[in-house]
Amino acid sequence: MAKHWADFQYEIYLGGMSGAVPRLPTDLTRLEELTEQRLGPGPVGYVAGSAGDGSTARANRAALERRRIVPRMLRDVHERDLSVEVLGRALPAPLALAPVGVLSIMHPDAESAAARAAAAQGVPYILSSASSTPMEQVAEAMGDAERWFQLYWPKDPQVALSFLNRAKAAGFTALVVTLDTPLLSWRPRDLDQAYLPFLRGVGTANYFSDPAFQAGLAKPVHEDPNAAVLHFVGMFADPGKTWPDLAFLRENWEGPIVLKGVLHPDDARLAADAGMDGVVVSNHGGRQVAGSVAAADALPRVVEAVGDRLTVLFDSGIRTGDDFKALALGARAVLLGRPYVYGLGLDGQPGVEHVIRCLLAELDLTLALCGHATPATVGPDDLLEGPA
């Protein structure tokens, strides 16, 4: 029998019989404000901040909120099943934790805590290249649980190849290649604090532990950390990459490859033509291009262009269980970013698990109350688009 995620609400209510209440809010939109109150302005700004004046991050939410669900009645939703197949993997729900780097700025247990939380709930964890924890250590924390590796594609092909080989050896099954960060954008919240963790050697664990990276250094990392940071900065991203370069990844990674940051249908078609397996419709949570199209507004055109050829995933703006609207617009699954990072910052691994369980309980209930026993039956006809 499929897991009824909605049972989490009864677990909470029963806990209340003995005076226990949740340590964190069950309205996940409240987590950002709590995090702002409890953590320093540098770390909070790095996670919550966006490009420019934040217009794209606001547009992401507005595009989802503008689409309203039309519930259907008298449909049998007694037995429900949120499970889906994504990239050939059976998942218990259409959700994965998005890649977010430098998590040690939020909690000392960092990526390992988030990965353990994902593993405990059965959802995939996508590890960022820019993690505070080496990929092998995160893999060890997860056991056999589903994990994908996100690649910031470095200038040095030997480092890229080494990352791919290490990720494969550590049991990461899918490669998620972020395309929308060939340069860091103008981010006022970080600039106003002059806060960039990488310059302090935070978020560089995969690089500093990499033999191909180390081979480019005159001295070991611990003997000259500043030189290591400069070497990292010089290779972190490559604005010269073009579509033909994808052949390198396809030749050196046997599993599924998903391109993250696709917003234009023609780019989605180019991804399919290059032999990729999927795309993530994403504007990096509004962190890269101010004034960008909202991810949910870009999603239908991408699905129309390549939905029959590629797995289409969605990222940028997911906050609540009713955001299954992205599934109705054609996404196979969604990636959750900032909310789980706030949960991590506020309560470590239990905080991340709380966020996952709240989101999926609300998704389960909202789907059922709208007449759906499975995500497979939702579609564009279940939404009405209201005024902007």
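The preceding data block contains the structure.
As a starting point, this report considers the structure included with it. (Residues numbered from 1 in each chain as written. Predicted model: local features only at pLDDT ≥ 70, side-chain atom pairs only at ≥ 80, totals over all residues. Heavy atoms only, no water.)

Brief notes about the overall build of the protein
- In terms of helices and strands, the protein carries 16 helices and twelve strands.
- Relative to a compact globule of 388 residues, whose C-alpha radius of gyration would be 21 Å, the protein shows 20 Å and is just as compact.
- The principal-axis extents of the C-alpha atoms in the protein amount to approximately 70 × 50 × 40 Å.
- Relative to its 388 residues, the protein shows a buried fraction of 57%.
- For the protein, restricting intrachain contacts to residue pairs at least 6 apart in sequence, the fraction spanning at least 24 positions comes to 75%.
- As presented, the protein carries roughly 16300 Å² of accessible surface, and 53% of it is formed by carbon and sulfur atoms. (Helix = DSSP H or I, 4+ residues; strand = E, 2+ residues; numbered from the N terminus. Rg over C-alpha atoms; globule rule 2.2 N^0.38 Å. Buried < 20%, exposed > 50% of the residue type's maximum accessible area, 1.4 Å probe, protein only. Contact = heavy atoms within 4.5 Å. Areas by Shrake-Rupley, 256 points an atom, 1.4 Å probe, with all protein chains shown as cover.)

Re the nonpolar core
- Core analysis: the biggest nonpolar cluster contains 112 residues, and Tyr125, Phe314 and Tyr340 have the highest contact counts within it.
- When residues of this core are assigned to their parent elements, the largest contribution, 14 residues, is made by helix 16 (residues 338-369).
- Those residues within four positions of Tyr340 in sequence are excluded, and the remaining contacts are Leu97, Ala98, Val100, Leu103, Ala114, Tyr125, Val352 and Val355.
- The next biggest cluster of nonpolar side chains, apart from the first, holds 15 residues, and it includes Val86, Leu91, Ala333 and Leu335. (Core = buried A, V, L, I, M, F, W, Y, C linked by side-chain atoms within 4.5 Å.)

Considerations on the side chain of Thr320
- With respect to the element layout, Thr320 can be found in the loop between strand 10 (311-314) and helix 15 (325-328).
- Judged by relative accessible area, which is 12%, Thr320 ranks as buried.
- A polar contact of 2.7 Å, which involves the side chain of Thr320, links it to the side chain of Asp322.
- In contact with Thr320, other than residues within four places in its own chain, are Thr29, Leu359 and Glu362. (Polar contact = N/O pair within 3.5 Å; in protein donor to acceptor, adjacent residues only side chain to side chain.)

Quick word on helix 16
- The end-to-end C-alpha separation of helix 16 is 27 Å, well short of the 46 Å expected for 32 residues at 1.5 Å each.
- Helix geometry: helix 16 is bent most strongly at Asp347, by close to 145°, with proline Pro350 lying one to four residues after it.
- For helix 16, the tally of buried residues reaches 26 of 32 residues, placing the bulk of the element in the interior.
- Phi for Gly371, located one or two positions after helix 16, is positive at around 90°. (Expected span 1.5 Å × (residues − 1). Bend = angle between axes of the 7 residues up to and from the residue.)

Here we look at the state of the cysteines
- In this structure the tally under the stated criterion is zero disulfides.
- No disulfide involves Cys370; its nearest neighbouring cysteine sulfur is the one of Cys358, lying 19 Å away.
- When its relative accessible area of 6% is taken as the criterion, Cys370 is described as buried. (Disulfide = S-S within 2.5 Å.)

Remarks on the pairing of strand 11 (residues 333-336)
- The two faces of strand 11 match: Ala333 and Leu335 on one face and Val334 and Leu336 on the other face are all buried.
- Here three bridges tie strand 4 (residues 95-97) to strand 11, and the two strands are oriented parallel to one another. Across the sheet, the residue bridging to Leu97 is Leu336, located in strand 11.
- Summarising the sheet, strand 10 and strand 11 pair through two bridges and their orientation is parallel. The residue bridging Leu313 from the neighbouring strand is Ala333, located in strand 11. (Pairing = 2+ DSSP bridges.)

Considering the environment of Glu251
- Note on placement: Glu251 falls in helix 12 (residues 246-252).
- The exposed category is assigned to Glu251, whose relative accessible area is 65%.
- Expressed as a C-alpha distance, the spacing of Glu251 and His78, which sit 173 residues apart in the sequence, is 47 Å.

Focus: the packing of aromatic side chains
- Scanning the model with the defined rule gives twelve aromatic pairs in all.
- Seen from their ring centres, Phe149 and Phe163 are 6.1 Å apart, and the 80° between their planes marks the pair as edge-to-face. Taken as a pair, Phe149 in strand 6 (residues 147-152) and Phe163 in helix 7 (residues 157-169) lie far apart in primary sequence, 14 residues in all. We note that Phe149, like Phe163, is buried.
- Arranged with centres 5.9 Å apart and planes meeting at 70°, the rings of Phe149 and Phe172 form a pair that is edge-to-face. In this pair, Phe149 is assigned in strand 6 and Phe172 in the loop between helix 7 and strand 7 (174-178), connecting sequence segments 23 residues apart.
- Take Phe149: its relative accessible area is 0%, and that puts it in the buried class.
- For Phe172, a relative accessible area of 3% gives the class buried.
- An aromatic cluster is present here, built from Phe149, Tyr152, Phe163, Phe172, Phe198, Tyr207, Phe208, Phe213, Phe232 and Phe236 joined pairwise through their rings.
- When the ring centre of Phe172 is taken as origin, the NZ or CZ atom of Arg147, which lies over that ring, is 5.7 Å away.
- Against the face of Tyr46 rests Arg287, its NZ or CZ located 5.0 Å from the ring centre. (Phe/Tyr/Trp six-rings, centres within 6.5 Å; stacked < 30°, edge-to-face > 60°. Lys NZ or Arg CZ within 6 Å of the ring centre and 35° of its normal.)

Concerning the environment of Ser129
- If you trace the backbone, Ser129 turns up in the loop between strand 5 (125-127) and helix 6 (135-142).
- Owing to a relative accessible area of 0%, Ser129 belongs among the buried residues under this scheme.
- Ser129 sits 30 residues away from Pro99 along the chain, and the two C-alpha atoms are 8.4 Å apart.
- Beyond its immediate chain neighbours, meaning those up to four positions away, Ser129 contacts Phe149, Gln150, Leu151, Tyr152, Phe163, Gly203, Asn206 and Tyr207.
- In this structure the side chain of Ser129 is engaged in a polar contact, spanning 3.0 Å, whose partner is the backbone nitrogen of Tyr152.

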